[in-house]
Amino acid sequence: MTDFASPIVVGISRRTGSLDALRWAAAEGQLRKARVKAVTAWRGPRPPAASGGRPPAVSAVPSEEAFTLEEQRIRELLTEAVGDLESLGIDYSLRRGSASAVLLAAAVGAQLLVLDSPKAGMSTLAKSLIAPQVIFQSPCPVVVMPPSVDSAADVLPTGGLTAVPEPS
């Protein structure tokens, strides 16, 4: 795969792996002959509080070791789900920072930024949702994946789907 086109960036959740978004971005990358940059934000484990509310002098898990282990865990999850990342034109990296800052930085110069479906739905503009934080600040177009069939019941309004009558 040639690297003439700017990449497609896909945000990968540490919890879910954002597999639908990754699969879509990989397919779109093949159509556009573009590499896919899959990125995950990482802030690291928080040290437990010591007496008096002060952080302990020594962290239980060294930060670099935790970072390496998390990157390896996510890379294995993605490889198991979609196959060999390199052969699919996917470059994966774990990056330090908040999710919105990592995604916005990775999107500079990209063709597209692909985000997984918000688990609470786009109508809920909670501060914890990444998509609303990124969509209006992105330096490139943003694709937000629709809810998967399995999770559609979680975001549909009460009453579910209503059949649309065919025109007479």
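Everything below is about the structure printed above this text.
None of these values were measured; they are calculated from a predicted model. (Residues numbered from 1 in each chain as written. Predicted model: local features only at pLDDT ≥ 70, side-chain atom pairs only at ≥ 80, totals over all residues. Heavy atoms only, no water.)

Considerations on the packing of aromatic side chains
Step number 1: For the structure shown, the criterion picks out one aromatic pair.
Step number 2: Judged by centre distance (5.0 Å) and plane angle (80°), the ring pair of Trp42 and Phe67 falls under edge-to-face. Highlighted residues: Trp42 in strand E2 (residues 36–42) and Phe67 in helix H2 (residues 63–82), separated in sequence by 25 residues.
Step number 3: Looking at Phe67, the relative accessible area reads 10%, which means it is buried.
Step number 4: Sitting over the face of the ring of Phe67, Arg96 holds its NZ or CZ atom 3.9 Å from the ring centroid. (Phe/Tyr/Trp six-rings, centres within 6.5 Å; stacked < 30°, edge-to-face > 60°. Helix = DSSP H or I, 4+ residues; strand = E, 2+ residues; numbered from the N terminus. Buried < 20%, exposed > 50% of the residue type's maximum accessible area, 1.4 Å probe, protein only. Lys NZ or Arg CZ within 6 Å of the ring centre and 35° of its normal.)

What to know about the sheet that holds E2
Step number 1: The strand order across the open sheet built from five strands is E3-E2-E1-E4-E5, with neighbouring strands paired in parallel fashion. The open sheet has two edge strands, strand E3 (90–96) and strand E5 (142–144), and neither has a second partner. With strand direction ignored, the average angle separating the axes of adjacent strands in the sheet is 25°.
Step number 2: Pairing analysis gives seven bridges linking E2 to E3, with the strands arranged parallel. Opposite Val36, over in E3, you have Ile90 as the bridge partner.
Step number 3: The sheet strands contacting H2 are E2 and E3, and the helix crosses E3 at an angle near 150°. (Pairing = 2+ DSSP bridges. Axes fitted to C-alpha atoms, helices over the stretch in contact; angles between N-to-C directions. Contact = heavy atoms within 4.5 Å.)

Quick word on the side chain of Gln111
Step number 1: With respect to the secondary-structure elements, Gln111 resides in the loop between helix H3 (99–107) and strand E4 (112–115).
Step number 2: On the accessibility criterion, Gln111 (17% relative accessible area) is buried.
Step number 3: Reaching out from Gln111, the side chain makes a polar contact with the backbone oxygen of Ser6 at a distance of 2.6 Å.
Step number 4: Within the structure, Gln111 has its side chain in polar contact with the side chain of Arg32 (distance 2.8 Å).
Step number 5: Discounting chain neighbours no more than four positions away, the residues touching Gln111 are Ala5, Ser6, Pro7, Ile8, Arg32, Ala34, Cys140 and Pro141. (Polar contact = N/O pair within 3.5 Å; in protein donor to acceptor, adjacent residues only side chain to side chain.)

Quick look at the environment of Ala101
Step number 1: Along the chain, the position of Ala101 falls in helix H3.
Step number 2: Considering only alpha carbons, one finds Ala101 and Val134, 33 residues apart in sequence, at a separation of 8.5 Å.

Brief notes about helix H1 (residues 19–32)
Spacing of three or four residues puts side chains on the same side of an α-helix, whose turn is 3.6 residues.
Step number 1: Here H1 is 14 residues long and its end C-alpha atoms lie 20 Å apart, about the 20 Å a rise of 1.5 Å per residue gives.
Step number 2: Of all the positions in H1, only Ala21, Leu22, Ala25, Ala26, Glu28 and Gly29 are classed as buried.
Step number 3: Where H1 is buried, its residues touch strand E1 (8–11), E2, H2, E3 and E4.
Step number 4: Of the residues one or two after H1, Lys33 is the one with positive phi, at around 55°. (Expected span 1.5 Å × (residues − 1).)

Some remarks on the nonpolar core
One recurring pattern in soluble globular proteins is that nonpolar side chains are buried together.
Step number 1: Ranked by internal contacts, the top residues of the largest apolar core, which has 21 residues, are Val10, Ile12 and Tyr92.
Step number 2: The set of elements that each furnish at least two residues to this core consists of E1, H1, E2, H2, E3 and E4.
Step number 3: The contact partners of Val10, leaving out residues within four places of it in the chain, are Ala21, Leu22, Ala25, Val36, Lys37, Ala38, Val39 and Val114.
Step number 4: Counting residues in hydrophobic clusters, the runner-up holds 14 residues, among them Val39, Ala41, Leu104 and Ala131. (Core = buried A, V, L, I, M, F, W, Y, C linked by side-chain atoms within 4.5 Å.)

A short note on the pattern of salt bridges
Step number 1: A full pass over the atoms with the stated rule returns eight salt bridges.
Step number 2: Put simply, Asp20 and Arg23 hold a salt bridge, and the shortest N to O gap is 3.8 Å. Taken as a pair, Asp20 and Arg23 lie in helix H1 at a separation of three residues, close to a single helical turn.
Step number 3: When its relative accessible area of 36% is taken as the criterion, Asp20 is described as partly exposed.
Step number 4: Between Arg96 and Glu64 there is a salt bridge; the shortest N-O distance is 2.6 Å. (Salt bridge = Lys/Arg side-chain N within 4 Å of Asp/Glu carboxyl O.)

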